[in-house]
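# Report on the structure
Now for the letters of each chain:
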Amino acid sequence: MTADETKMANAIRALAMDAVQKANSGHPGMPMGMADVAAVLFNRFMKIDPANPQWPDRDRFVLSAGHGSMLLYAVHHLLGYDDMPLDQIKAFRQFGSRTAGHPEYGHAQGIETTTGPLGQGIATAVGMALAERMKAAHFGAKLVDHFTYVVAGDGCLQEGISHEAIDIAGHLKLTRLIVLWDDNRISIDGPTSLSTSMNQPARFRAAGWHVQKVDGHDRDAIAGAVEAARKSKKPSLIACRTLIGKGAPNLQGSEKTHGAPLGDAEIASTRTNIGWSYEPFVIPQEVYADWRAVAARGHAAQAEWQKRLDVSPRKKEFNALNDAALPQSVSLALNAFRKAQVEAKTKVATRKSSEMVLSVINDLTDRTIGGSADLTHSNLTVTKGLASIKPGDYAGRYIHYGIREHGMSAAMNGIALHGGFIPYGGTFMCFSDYARGAMRLSALMGLRVVYVMTHDSIGLGEDGPTHQPVEHLAMLRATPNMNVFRPADIIETAEAWELALNSEGRPSVLVLSRQNLPMLREAHTDENKSAKGAYVLREANGKRDVTLLATGSEVELAVAAADKLASQGIKTAVVSMPSWELFAEQNDSYQAEVLGKGPRVAIEAAARLGWDRWLGANGTFIGMNGFGASAPAAELYKHFGITAEAAVAAAMALVKKGS
């Protein structure tokens, strides 16, 4: 019996308009306009098993136009996801429901990524499609053979990140990436002609994509386009010319359907117009049966795939790649590495330290996937034996993202979401500004993504204030669920990498110096001291008179200041604080023990914001009060007063004040 795709699509329309009306909030226009596309895609093509939502070889569906979330929730309910009963549809946009205003990864099964900020979905999907190709290169088509489908709107394609995403996808020939563009030509303000004249198909063609145009309500035309896209040797764009709010007789085609309920009268008229005679939230059994048949086919495909995996000689390797935990051998090797560096008293920039640590890590696990935004030999993110991923050749482990910091970060999110790999990518710390949107989503989704941010302060010198981060540490530290590490030497760098690799539920940012930094640990310990966020690097000889707090390259200054203060009889402790976030998670007694009771001086070549939490009411901060300048690093530190001598003067003033 052939499925009735008209009713399958109208079920989406009905659930979308009813849920938005009940919530008195939401966006019915896109789900109603793209209902025909969704019905065809899922009924004829999607390989998905709601009974096994994490099946590794499932097709990925990304709703980049996340405001149209009711399309996704309606589909999941109709397919029979066990966590998406009708009660969840009725609770759309209500506190505690799985049906949030925009799709949230982890809130419900089958939501492949958090979307809402426009453009993030399509850019994240690039990472998913790339991960599929990398896994397929490693394990073959019998175990890895799926597509990534994206529904994107006009807004997604207007956002700048979309250009970064489609450029690299076309360059890498990501054949398994298919974007279905909801070409309804309507924005919140009115027609898109108010703000754009872009020929989007031409833009995609120029980026190396296979491009087709179809009537988004002609189901056979849609199916033919998807079939052609699946056979293409390029990523594909299908421009689906649709009518926003399709089915609403008085409002379809209008911006009025974009972000507001249709109203009871228009909903009643829509029911008549589309021949939907059922009460709100009522779906006839024959429509459920058609949708559940999609799930049944997916379940059968999953079972066949499981049989192939079970007889594969690479089953153990495949499962190990998808295991969240890294082998213990990595931590053991990093411990041995730290011991060797302490004994050698290694003095290098922490960006070089990171490269040395990565050499150990990358030799022991195939799960790390490196990359850089065209700064490989400045970020030092490639190690010996890490072959580059190239167009059509995905066997390597290093990605040249080009000058696309935002696209790089979103793609890394996609790689992490796909499963099996731990992506890391580098750029200059100052350009975390450009990556910020995707970095925030890394934290929001709790993804193990590692951001390698080098040239971390005025210490980069002559490139000047455009490249010298000042406020960036404060911005990143203010981001919930993100670990920010600013290591002081090669030992803390190794510790930070170990912690980042084992932080399964949050991203990490490694903030690394351009200039050489001395070894500050006096002896090796098996304990990862950075795991507590801050620790006493050097205790005072007796009861403390003052405590010097510092991170990264300024810990060296704190040690030098402590020596000078000790020579004048002032008992000084030095505290290294590589991760504020981890220190904040320690209990009160440990924090009190580390910070001490006396006055404190903090030293960091960045803005003060946030330091008062650790300084207390009477502390002194030595750092940046404005932007940097272009000059050699040593001259800049002297000019801005970030010196051991300044720390000594501040400490002595505090001690004198308290005496």
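Structure's up top.
Everything numeric here is computed off the predicted structure, so don't read it as measured data.

### Here we look at the overall build of the protein chain
For the protein chain, the helix and strand inventory stands at 26 helices and 20 strands. At 28 Å, the protein chain has a C-alpha radius of gyration in line with the 26 Å of a compact globule built from 659 residues. For the protein chain, the spread of C-alpha atoms along the principal axes amounts to about 90 × 55 × 45 Å. Across the 659 residues that make up the protein chain, the buried fraction comes to 61%. Intrachain contacts of the protein chain at a sequence separation of at least 6 include 78% that bridge at least 24 residues. Total accessible area computed for the protein chain in this model is approximately 24600 Å², and 51% of it derives from carbon and sulfur atoms. With 68 positive and 68 negative side-chain charges, the protein chain shows a spacing of 2 Å between the two charge centroids.

### Considerations on the state of the cysteines
One pass over the structure, following the stated rule, counts zero disulfides. With no disulfide of its own, cysteine 156 has cysteine 240 as its nearest cysteine by sulfur position, at a separation of 13 Å. Since its relative accessible area comes to 0%, cysteine 156 is described here as buried.

### A few points about the nonpolar core
In this structure, Phe61, Met70 and Trp209 are the most contacted members of the largest nonpolar core, which totals 133 residues. Looking at which element gives the most residues to this core, the answer is helix 6 (residues 120-139), with eleven residues. Excluding anything up to four places from it in sequence, phenylalanine 61 contacts Leu41, Phe42, Met46, Leu71, Leu72, Glu112, Tyr149 and Val151.

### Considerations on the sheet that holds strand 12 (residues 450-454)
Strand order in the open sheet formed by six strands is 10-9-11-12-14-13, and the pairing between neighbours is parallel. Two strands lie at the open edges of the sheet, namely strand 10 (398-400) and strand 13 (483-485), each paired on one side alone. Going across the sheet, the axis of each strand differs from the next one's by a mean of 20°, ignoring polarity. Pairing of strand 12 with strand 14 (residues 508-511), which is carried by four bridges, proceeds in the parallel orientation. Each bridged residue has a counterpart across the sheet, and for valine 450 the counterpart in strand 14 is serine 508. Along the sheet, helix 17 (residues 405-418) contacts strand 9 (368-372), strand 10, strand 11 (422-428) and strand 12; its crossing angle with strand 11, the most-contacted strand, is approximately 170°.

### Remarks on the sheet that holds strand 7 (residues 236-241)
Across the sheet, five strands lie side by side as 1-2-3-7-6; this open sheet has parallel pairing. Because the sheet does not close on itself, it has two edges, and the strands there are strand 1 (60-63) and strand 6 (210-215). Adjacent strand axes in the sheet meet at a mean angle of 20° when their direction is disregarded. Relative to strand 7, strand 6 runs parallel, the two sharing six bridges. Counterpart to valine 211 in the pairing with strand 7 is leucine 237.

### Topic: the pattern of salt bridges
With the rule as written, the count across this model stands at 33 salt bridges. Residue arginine 58 pairs with glutamate 112 through a salt bridge whose shortest N-O separation is 2.8 Å. Of this pair, arginine 58 sits in the loop between helix 3 (35-44) and strand 1 while glutamate 112 sits in the loop between helix 5 (86-90) and helix 6, and the two are 54 residues apart along the sequence. Accessibility expressed as a relative area gives 4% for arginine 58, which makes it buried.

### Regarding the packing of aromatic side chains
Taken as a whole and judged by the stated rule, the model has 17 aromatic pairs. Taking 6.3 Å as the distance between ring centres and 55° as the angle between the ring planes, the aromatic pair formed by phenylalanine 42 and tryptophan 291 counts as tilted. Of the two residues, phenylalanine 42 sits in helix 3 while tryptophan 291 sits in helix 12 (residues 285-311), which places them 249 residues apart along the sequence. Both rings, one in phenylalanine 583 and one in tryptophan 614, keep their centres 5.1 Å apart while their planes meet at 55°; by these two values the pair is tilted. A residue pair is termed long-range when its members are at least 10 positions apart, and phenylalanine 583 in helix 22 (residues 580-584) and tryptophan 614 in helix 24 (residues 612-615) qualify at 31 residues. Residue classification places phenylalanine 583 among the buried residues on the basis of a relative accessible area of 0%. For tryptophan 614, a relative accessible area of 2% translates into the label buried.

Rules used in this analysis
- Residues numbered from 1 in each chain as written.
- Predicted model: local features only at pLDDT ≥ 70, side-chain atom pairs only at ≥ 80, totals over all residues.
- Heavy atoms only, no water.
- Helix = DSSP H or I, 4+ residues; strand = E, 2+ residues; numbered from the N terminus.
- Rg over C-alpha atoms; globule rule 2.2 N^0.38 Å.
- Buried < 20%, exposed > 50% of the residue type's maximum accessible area, 1.4 Å probe, protein only.
- Contact = heavy atoms within 4.5 Å.
- Areas by Shrake-Rupley, 256 points an atom, 1.4 Å probe, with all protein chains shown as cover.
- Lys, Arg positive; Asp, Glu negative; His and termini not counted.
- Charge placed at Lys NZ, Arg CZ, Asp CG, Glu CD.
- Disulfide = S-S within 2.5 Å.
- Core = buried A, V, L, I, M, F, W, Y, C linked by side-chain atoms within 4.5 Å.
- Pairing = 2+ DSSP bridges.
- Axes fitted to C-alpha atoms, helices over the stretch in contact; angles between N-to-C directions.
- Salt bridge = Lys/Arg side-chain N within 4 Å of Asp/Glu carboxyl O.
- Phe/Tyr/Trp six-rings, centres within 6.5 Å; stacked < 30°, edge-to-face > 60°.

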